[in-house]
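Fold and contact review
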Amino acid sequence: MSLLVVGLSHRSAPVSVLERASLAADTQAKLLQDTLAAEPATEAAVLATCNRIELYADVDKFHAGVAELSTLLAQHSGVGLDELTPYLYVHYEDRAVHHLFSVACGLDSMVVGEGQILGQIKDALARGQELHTAGRLLNDLFQQALRVGKRAHSETGIDRAGQSLVSFGLQQLAAGADPGLWARGKRALVIGAGSMSSLAAATLARTGVAEIVVANRTRSRAERLVEILQQGDDTTVRAHAVEMSAVGDELTRADVVVSCTGSTGLVLTADALADALGVTLDAPAEAPAVTAVPAPADVDQHAAWVENGSATSAPEAPRRITLPAQSTGPVKLALLDLAMPRDIDGAAHRIDGVRLVDIESLADASADAPMAADVDQVRTIVADEVAAFGAAQRAAHVAPTVVALRTMAADVVAGEIARLDGRLPDLDEKQRAEITQTVRRVVDKLLHAPTVRVKQLASEPGGAGYADALRELFDLDPQTVAAVSRADLNDPNRGRS
């Protein structure tokens, strides 16, 4: 196993960099294809969410893999490599497995313990399977990550610490008030009809808003979301769909706006919001000073950090200075921007009567959120699952060699029985069957102990060399072993849930 992950997240990079580096769906597909075309990589998967972009690959050369994956991320994100490098982290082999399992459990999320990441991991796996970039290693890895995440949520109380980004955002909009009381009777506008917007609409409905208006570029998707909302048993919310062109008019009637589209530009400008409220946009305040970032490190330095065991990621970027405080007067319009890149103009915070919560302010707020006691239990689960995954992968590495050995033994038995038929042609079927069974039992007993033991030894740390030793001792044809590996890899039922 030579698993490598190169990425950046809200823990390593400012939101402004994450926003610029965000990857559209078609860009993710191109990134995967180009990664597979690169020399060091044989498999690839990309996990791209609103607060992380990670490229996973099975590589045969570590240093070359780090350099290639970093370069590809820079090329497809549109952020220059020199600018991107200080914010990248690198994890390799067991550390990479540990990282993904921690992500799946919500330990690395902006809101610790949130469960939405499981759906995003499932989508990343499905994309890799659809594009045929995820092979045996990444199929096994992502499937196991989903199981580990589900185990963490079912066996611990991590859900008490975690909540969806939507719930956390609404909590911030409520500014200390009970979200249910705050939302009661309000009129909400949801812009977008994707997974995050659907979650936002459902959360708003459960929270107690009186009416939800859904706007989307594709009207049919907005109407489908409205149908789902109205079919819910736990809400009586009124809901209807509108065209995107009607957003301006809907703003004049809305109390809460949640936006999460895939747009690469602003959906709501500060001027449009000011017009909807009938107010004048204040002059911009003096830009706050920004703490200096560390000098860029090159990709070779990333490799050195991992190889020397001194660190497994780039130094954490200093926390950003937040925008000037928003108005403390009555809130006429509450805005929640969950898009990356952002949908709502950051200058909206200067509009009197507007409260804006976006990914950056959520990141700052979550930094002070209390950790649940169950987090330690989840970390224990992750550590155990990483060890089990490594053992299973090492054992799987020797399995084709064991199969090839048993195949060779079966061929020897068949050859000897054929020779016996030539020397003793008068044997009846019963005698021949008894001799054949006896020879097979002898061979199976001779091979049983060494093959079981070699699987056990191979599953232990440092056991990768046992497959090579087995091939050498029994003079197995490398092509036969490779053929067994290819047959297993091409099994259409492998890696599917």
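1. Things to note about the overall build of the protein chain
A count of helical and extended segments in the protein chain gives 20 helices and 10 strands. Every one of the 497 residues in the protein chain was classed for burial, and the buried ones make up 49%. For the protein chain, the share of sequence-separated contacts (at least 6 apart) that also reach a separation of at least 24 residues comes to 75%. With the model as given, the accessible surface of the protein chain reaches about 23,400 Å², and the carbon-plus-sulfur share is 51%.

2. Concerning the pattern of salt bridges
Working definition: two side chains of opposite charge can pair if their charged atoms are close together. By the definition in use, this model includes 21 salt bridges. Residue arginine 151 is joined to glutamate 155 by a salt bridge in which the shortest nitrogen-to-oxygen separation is 2.9 Å. One end of the pair is arginine 151 and the other is glutamate 155, both in helix α7 (residues 136–155) and four residues apart, which spans about a single turn. What makes arginine 151 partly exposed here is its relative accessible area of 27%. The partly exposed category is assigned to glutamate 155, whose relative accessible area is 44%. Two residues, arginine 406 and aspartate 444, come together in a salt bridge whose shortest N-O distance is 3.8 Å. Here arginine 406, found in helix α17 (residues 374–423), pairs with aspartate 444, found in helix α18 (residues 429–459); they are 38 residues apart in sequence, far enough to count as distant. Among the residues examined, arginine 406 registers a relative accessible area of 31% and is labelled partly exposed. Classification of aspartate 444 by relative accessible area gives partly exposed; the value is 42%.

3. Considerations on the sheet that holds strand β8 (residues 256–259)
Hydrogen bonds between backbone atoms are what pair the strands of a sheet, whose relative direction is either parallel or antiparallel. Across the sheet, which stays open at both edges, the six strands sit in the order β7-β6-β5-β8-β9-β10 with parallel pairing between neighbours. Either end of the sheet is taken by a strand with one partner, and the two such strands are β7 (238–243) and β10 (354–358). Looking at each pair of strands side by side, their axes are set apart by 15° on average, direction ignored. With five bridges connecting them, strand β5 (residues 187–191) and strand β6 (residues 211–216) associate as parallel partners.

4. Points about empty space enclosed by the protein
Enumeration over the complete set of coordinates arrives at two cavities of 30 Å³ or more. In this structure, the largest cavity spans a volume of roughly 100 Å³. The wall of the largest cavity is formed by 14 residues, among which Cys50, Asn51, Glu114, Gln120 and Leu165 lie closest to the centre. At three residues, the largest contribution of residues to the lining of the largest cavity is made by helix α6 (residues 116–130).

5. Section: the pairing of β5
Within β5, five of the five residues are buried, which leaves the element mostly enclosed by the surrounding structure. Of the two faces of β5, both are covered, the one formed by Arg187, Leu189 and Ile191 as well as the one formed by Ala188 and Val190. In this fold, the crossover linking β5 to β6 by way of helix α11 (residues 195–207) has right-handed handedness. Two strands pair when backbone bridges link them, and β5 and β8 are joined in this way by four bridges, in the parallel orientation. Looking at the pairing, leucine 189 lines up with valine 257 of β8.

6. Concerning the confidence of the model for the protein chain
With 82% of its residues at a pLDDT of 70 or more, the protein chain has an overall mean of 82. Here residues 285–297 is a poorly scored stretch, pLDDT under 50, and it has 18 contacts once near neighbours within four places are set aside; other chains count. For residues 309–325, every residue scores under 50 in pLDDT, and the model assigns this stretch 47 contacts once sequence neighbours within four places are set aside.

7. Remarks on a nonpolar patch on the surface
A contiguous nonpolar patch, built from Met408, Val412, Leu473 and Phe474 and spanning about 370 Å² of accessible area, is present on the exposed surface. Mapped onto the elements of the fold, valine 412 is located in helix α17.

What counts and what doesn't
- Residues numbered from 1 in each chain as written.
- Predicted model: local features only at pLDDT ≥ 70, side-chain atom pairs only at ≥ 80, totals over all residues.
- Heavy atoms only, no water.
- Helix = DSSP H or I, 4+ residues; strand = E, 2+ residues; numbered from the N terminus.
- Buried < 20%, exposed > 50% of the residue type's maximum accessible area, 1.4 Å probe, protein only.
- Contact = heavy atoms within 4.5 Å.
- Areas by Shrake-Rupley, 256 points an atom, 1.4 Å probe, with all protein chains shown as cover.
- Salt bridge = Lys/Arg side-chain N within 4 Å of Asp/Glu carboxyl O.
- Pairing = 2+ DSSP bridges.
- Axes fitted to C-alpha atoms, helices over the stretch in contact; angles between N-to-C directions.
- 1 Å grid on protein atoms, 1.4 Å probe; cavity = no way out; pocket = protein on both sides within 12 Å on 5 of 7 lines; lining within 4 Å.
- Points joined across faces, edges and corners; volume = space filled by probe spheres on them.
- Right-handed = clockwise from strand over helix to strand, strands pointing away.
- pLDDT = per-residue confidence, 0-100.
- Patch = residues over 30% accessible without salt bridge, like charges linked within 9 Å, V, L, I, M, F, W, Y side chains within 5 Å.

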